[in-house]
Amino acid sequence: MCIFAYGSAHPGPEMNMIKRKSNFSLKEMNTFRMDVKCRQYIEYDSVADLIDIDFEKLPTPVLNLGQGSNILFTGDFPGTILWSRIDFIHELPAEDGLYCGMPDGTVLISVGAGTEMDKVCGWAAEKGLWGMENLSHIPGDAGAAAVQNIGAYGTEFSDATVMIYCYDTEEEEFTHFRAEECGYGYRDSVFKHPGFKGRYIVTHSVLALSTDRGPQLGYGHVEEAVMQAAGGKQITPAVVREVITGIRRAKLPEPSETGSAGSFFKNPIISEDRFNEIRRRYSMEIPHYPAEEGIKIPAAWLIEQCGWKGKTVGNAGVHPAQPLVLTNATGKASPGEIIKLKDLIIKSVQDKFGIMLIPEVEII
Ligand code: EPU
C-alpha cells in the first residue's frame, strides 16, 4: 500500500513499526564505533510513525540519527536517539506537479530518509540516470545527506534537491522546504542551525535526476580515470559510479574495517589577502580552489604539511592515504583519544599556518 498523505510526493509503506529500547548501545550505530549508550532509542520505519511519537515526553536532547557516519559521540547520550528506517526510492509519475518548469529529461525521485545514499546512487546508475554518480560510496543515509549537504567530486546533494519533506516536532505536523529554502552551502543547511536543528526531522526528499545531463568530470583526475575506464565506449552513470567508488576505496578507510567519520574537518576558506600572505611567507605552492567567499585550501594538505599523515596517538590515527580522515585506528579508541588527536592537529595547523580548522563531524 502507498500513502500520499502527510504533505505530498512521498509514497511509502505504512507499516507503523516503532521499536523502543532503554540504555541502548550505539556502538553499531556510529561509524567511529564509539562504545556509548543512549538513554532511550526509538526506531521507526514509516513517515506515519512520527505522529505516534510523543516528542514532549522524550528524554532530551532528541537526535535523529542515520548511519552515524558523521558523528563523534564523546560519551553516553543522555537523551533520545531516533533512527529512521524510512527506506524507499520511488520515481514520481510524469503528471506530478513538481515536474513543472523542469528541464527536458528530468526524472524526479522520492527517497526515504533512512535509505542508504549509496543505494540511491546505485539505483540511479542502474537506470542510466545522471545526478548521483559522483556521490557513490559515501556512507550514510539520504536523510543525513539532506541535512549535511554531502558532497564529493564536484557534486553536492543540494545540486539535485527539489524538495525536503520533514516532520515538525513542535507543531506536530508535516511540512516541506523547497531547495532554495534549505540554506544549502558547503556541508551546510538550515537543518544544522538553531531553530531548525532538533525541530525538523527529514522524512524524505525529492531529487531531480536526468536522462540527458551527462557526466560531471571537472574534479581532479576524475576525467582521466573515467576516460580510461570507458575505454573508448560511451560514458554512462554506471561507469562514473564505478570509477568514483574505486577512488574512494583507495583513499578512504572502509567503514566495515576501520572506524572513522570520513573527513573530520572542513576545508578552510580564507581571504585572498590571507592566502597571498601565507604563500609569500612559505614561498611554496599551496593547492587551492576558488570558493564563494575566498579561497579554499585542502585541510588534508595542511595536516600533511604538519607531519600528521599516517601518525597515531594512542588508539586514534590519521589515515595514511587521506590525512583529513581521523580513525579509530585500533578499534579501541575512546572518544577522548579522538578529541585529543583533533585538538593536537588543530593546534599544529594554527601554529604553522595561522588557519583554524573547523570540524565537519558533529561532536556530541
Ligand atoms: N591532499 C594532500 N595530501 C593527501 C590527500 C590530499 O595534500 O594525502 C590534498 C591535495 O592537494 C588534493 C586535495 O588535498 O588535491 C584534495 O584531496 P581530495 O580530493 O581527497 O579531497 P578533500 O578536499 O580532502 C573533499 C571532501 C571529501 C570528498 C572529496 C572528493 C571535505 C571536507 N571533504 O576532501 O568528502 O570525498 O573532497 O570530492 O570537503 C567527507 O565529507 O567525509 C568526504 C570524504
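No experiment lies behind these values; they were computed from the predicted model shown. Residue indices follow the written sequence of each chain, beginning from 1 at its first position. Where totals are concerned, whole chains, interfaces and linings use all residues; where local detail is concerned, this predicted model gives features only for residues with pLDDT of at least 70, and gives and counts side-chain atom pairs only at 80 or more. With hydrogens and water excluded, all non-hydrogen atoms of the structure serve as input to the side-chain values.

K.L.:
Can you walk me through the site of the ligand in this structure?
P.N.:
Proximity is defined per residue: any heavy atom of the residue falling within 4 Å of a molecule or strand makes that residue near it. Taken together, 25 residues sit near the ligand, with Tyr-153, Tyr-186, Tyr-219, Glu-304 and Lys-309 positioned nearest. At a separation of 3.3 Å, an oxygen atom of the ligand approaches a polar side-chain atom of Glu-360. The fraction of the free accessible surface of the ligand (820 Å²) that becomes covered by protein chains is 83%. Among the elements of the structure, strand S8 (151–152), helix H5 (237–251), strand S13 (259–263) and helix H7 (299–305) are those that each provide at least two residues to the shell around the ligand. Classifying every residue of the shell around the ligand by side-chain character gives 13 nonpolar, five polar and seven charged. Between N or O atoms, a polar contact is any pair within 3.5 Å; within protein, one atom must be a potential hydrogen donor and the other a potential acceptor, and residues adjacent in sequence are included only when both atoms are from side chains. In short, Shrake-Rupley with a 1.4 Å probe defines the accessible areas, and a residue's cover is counted only from the protein chains shown. Strands here mean DSSP runs of E at least two residues long; helices mean DSSP runs of H or I at least four residues long; both are numbered from the N terminus. For this classification, Asp, Glu, Lys and Arg are treated as charged, while Ala, Val, Leu, Ile, Met, Phe, Trp, Tyr, Cys and Pro are nonpolar and the rest, including Gly, are polar.

K.L.:
Got a minute to help me understand unusual backbone geometry in this structure?
P.N.:
Trans peptide bonds make up most of the peptide bonds, and negative phi angles are found at most residues other than glycine. Geometrically, the link from Thr-60 to Pro-61 is a cis peptide bond, its omega value of -5° lying close to zero. Within the secondary structure, Pro-61 sits in the loop between strand S2 (37–44) and strand S3 (62–65). Despite not being glycine, His-137 has its phi angle at roughly 70°, a positive value. Within the secondary structure layout, His-137 lies in the loop between helix H1 (117–126) and helix H2 (142–148).

K.L.:
It is not clear to me how helix H4 (residues 222–230) should be interpreted in this structure. Could you clarify?
P.N.:
Every α-helix carries 3.6 residues per turn, so stepping three or four residues along brings you back to the same face. Within the sequence span of H4, burial applies to Val-222, Val-226 and Ala-230. The buried residues of H4 occupy one face: seen down the axis, they fall within an arc of 60°. Those residues of H4 that are exposed and angled more than 90 degrees off the buried face are Glu-224 and Gln-228. When checking whether two residues touch, look at their non-hydrogen atoms; a contact exists if any pair is within 4.5 Å. Buried residues along H4 sit against H5. To sort residues, take the accessible area from a 1.4 Å probe on protein chains only and compare it with the maximum for the residue type: under 20% means buried, over 50% means exposed, and anything in between is partly exposed. To be clear, the arc concerns the directions from the helix axis to the C-beta atoms.

K.L.:
Help me out: how do you make sense of the pattern of salt bridges in this one?
P.N.:
The salt bridge definition used is simple: a Lys or Arg side-chain nitrogen within 4 Å of an Asp or Glu carboxyl oxygen. Enumeration over the complete set of coordinates arrives at 17 salt bridges. In this structure, Lys-57 and Asp-54 form a salt bridge, with 3.5 Å as the shortest nitrogen-oxygen distance. Asp-54 gets classed as partly exposed once you look at its relative accessible area, which sits at 33%. Put simply, Arg-249 and Glu-254 hold a salt bridge, and the shortest N to O gap is 3.4 Å. Given the relative accessible area of 51%, Arg-249 is considered exposed.

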